[in-house]
Amino acid sequence: MNTTFSTSMTCGGCLSKVTPFLDNEPSVRQWKSDLSDPRKLIHVELAPEGRPEHIVDLIGQAGFTASVIPHEPETVAIATPAAKPAFSLATYKPLFLVVSYVIGATVLVESIHDDWQWPRAMSYFMGFFFLGFAFFKLLNISKFADAFSTYDIIARRSRPYALAYPWIEVTLGLLFVTGTQLMAANVVTAIVMSIGLVGVIAAVRKKQAIQCACLGTAFNLPMSAVTIIENSVMIAMALVMLAM
């Protein structure tokens, strides 16, 4: 039985609180959220013995209200591509601006040297990237951890890891910018970003309408292929620098 619920959730942090209740419920075969809809929908496929009223109770235990939407079955809402917002460059403007600043800072600092060296330029880029992205996460580290835990496979199970993640980025950023312990920095970058990529790909494949926490919660960036590209580029650069 497919049932759609309208909820009082507002963000990815709210969804992270609801997730364990639905994931651990035996009568829930699968479920998906759509926070882009003003009604903050949750689509649930229930087993024959499942009751919508019980799902309302579970969402209530997470601290939110929910009500059944009688005439909007999950199969229609999820299967219809139009249910997911169309890709828009304007949506990702904050991300593109930050990356542009990172590229500009990289070119500026590298131009100070007498000759252009790609390994050094990549090190600067990765350093400024981590420092810039960590800044936005640290603006509200608690809300970042809530949003991050909705898709990252480690943060979902470890709150300390989610809270420590921005500081990991700060540490990596300083190592890359100063050219210190680059071997270790690249190894850690490849591992951490690969772990993150697993969760991002899973979220994108499920077409979950959740918030990407790459810039913390300062901007409402939806999870998409853009996030996959972002992680993949950092992994590739780390591997290239290790090879060089």
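Since this is a predicted model, take the numbers as computed values, not measurements.

(A) Structural view of the overall build of the protein chain. A count of helical and extended segments in the protein chain gives 9 helices and 7 strands. Out of the 244 residues in the protein chain, the part that is buried amounts to 47%. As displayed, the protein chain has an accessible area near 12,000 Å², and 66% of this comes from carbon and sulfur atoms.

(B) The arrangement of the nonpolar core in detail. In terms of nonpolar packing, the biggest core is built from 41 residues, with Met126 and Phe148 touching the most fellow members. Contributing elements (two or more residues each) for this core: helix H4 (93-112), helix H5 (118-138), helix H6 (141-148), helix H7 (159-178), helix H8 (182-205), strand S6 (214-217) and helix H9 (225-243). Per element, the largest residue contribution to this core is 9 residues, and it comes from H5. In this structure Met126 touches Phe176, Asn186, Thr189, Met234, Met237, Ala238 and Met241, once residues within four positions along its chain are discounted. Core analysis: the second largest hydrophobic core is formed by 18 residues, Val28, Trp31, Ile42 and Phe64 among them.

(C) Inspection of H5 at higher detail. A rise of 1.5 Å per residue sets the reference length of H5, with its 21 residues, at 30 Å; its end C-alpha atoms lie 30 Å apart and thus fit the reference within 8%. Most of H5 is tucked away, with 15 of its 21 residues classed as buried.

(D) Up close: the sheet that holds strand S1 (residues 2-7). Overall, antiparallel pairing links the 4 strands, which are arranged S2-S3-S1-S4 in an open sheet. At either margin of the open sheet sits one strand with a lone partner, and together these are strand S2 (28-34) and strand S4 (66-69). The sheet shows a mean angle of 30° between the axes of neighbouring strands, taken without regard to direction. As defined by bridge partners, S1 adjoins S4 across 4 bridges and the pair is classed as antiparallel. Its bridge partner lying in S4, Thr7 is registered against Ala66. Contacting S2 and strand S3 (41-46), helix H1 (residues 12-23) crosses the sheet at an angle of about 165° to S2. Of the strands in this sheet, S1, S2, S3 and S4 touch helix H2 (residues 52-61), which is tilted by about 35° from S1.

(E) Examining a nonpolar patch on the surface more closely. A cluster of nonpolar residues, Ile103, Val107, Trp116 and Trp118, forms a patch on the protein surface that exposes about 430 Å² of accessible area. Mapping Trp118 onto the fold places it in helix H5. For Trp118, a relative accessible area of 58% gives the class exposed.

(F) Expanded view of the packing of aromatic side chains. Scanning the entire structure with this criterion turns up 13 aromatic pairs. With 5.9 Å between their ring centres and 85° between their planes, Phe129 and Phe130 make a pair best called edge-to-face. Classification of Phe129 as buried rests on a relative accessible area of 5%. Both rings, one in Phe130 and one in Phe176, keep their centres 6.1 Å apart while their planes meet at 15°; by these two values the pair is stacked. Residue Phe130 is found in helix H5, and its partner Phe176 is found in helix H7; the two are separated by 46 residues along the sequence.

(G) Local environment of the UniProt feature "transmembrane region" (unreviewed entry) in the protein chain. Mapped onto this numbering, the UniProt entry annotates "transmembrane region" (unreviewed entry) at residues 90-109, 121-139, 160-177, 183-204 and 225-243. Helix makes up 100% of residues 160-177 and strand 0%, with an end-to-end C-alpha separation of 26 Å. End C-alpha to end C-alpha, residues 183-204 measures 31 Å, and it is 100% helix and 0% strand.

About the thresholds
- Here the residue numbers are simple positions, counted from 1 along each chain's written sequence.
- This being a predicted model, a pLDDT of at least 70 is required before a residue's local features are given, and a value of 80 or more before pairs of side-chain atoms are given or counted; all residues contribute to the totals for chains, interfaces and linings.
- Based on all heavy atoms of the structure, the side-chain values leave hydrogens and waters out of the count.
- Only DSSP runs of H or I with at least four residues qualify as helices, and only runs of E with at least two residues qualify as strands; both kinds are numbered from the N terminus onward.
- Note on classification: 1.4 Å probe, protein chains only; a residue is buried when its accessible area is under 20% of the maximum for its type, exposed when over 50%, partly exposed between these limits.
- Methods summary: accessible areas were calculated by the Shrake-Rupley approach with a probe of 1.4 Å, and residue burial reflects only the protein chains presented.
- Only buried residues count toward a nonpolar core. Its members are Ala, Val, Leu, Ile, Met, Phe, Trp, Tyr and Cys residues joined through side-chain atoms within 4.5 Å.
- Contacts are assigned to residue pairs that have any heavy atoms within 4.5 Å of one another.
- The length a helix should cover is 1.5 Å for every residue beyond the first.
- What makes two strands pair is DSSP finding at least two bridges between them.
- Lines are fitted to the C-alpha atoms to define the axes, a helix being fitted only along its stretch in contact, and any angle between axes, read from their N-to-C directions, falls within 0 to 180 degrees.
- Residues enter patches when they are more than 30% accessible in relative terms and free of salt bridges; like-charged ones are connected within 9 Å and nonpolar ones (Val, Leu, Ile, Met, Phe, Trp, Tyr) within 5 Å.
- Counted as salt bridges are all cases of a side-chain nitrogen of Lys or Arg within 4 Å of a carboxyl oxygen of Asp or Glu.
- Any pair of Phe, Tyr and Trp rings, taking the six-membered ring for Trp, is counted once the centres come within 6.5 Å. Such a pair is stacked with planes under 30 degrees apart, edge-to-face with planes over 60 apart, and tilted for the rest.
- UniProt positions are given in the numbering used here, feature names are shortened, and annotations may be inferred rather than shown by experiment.

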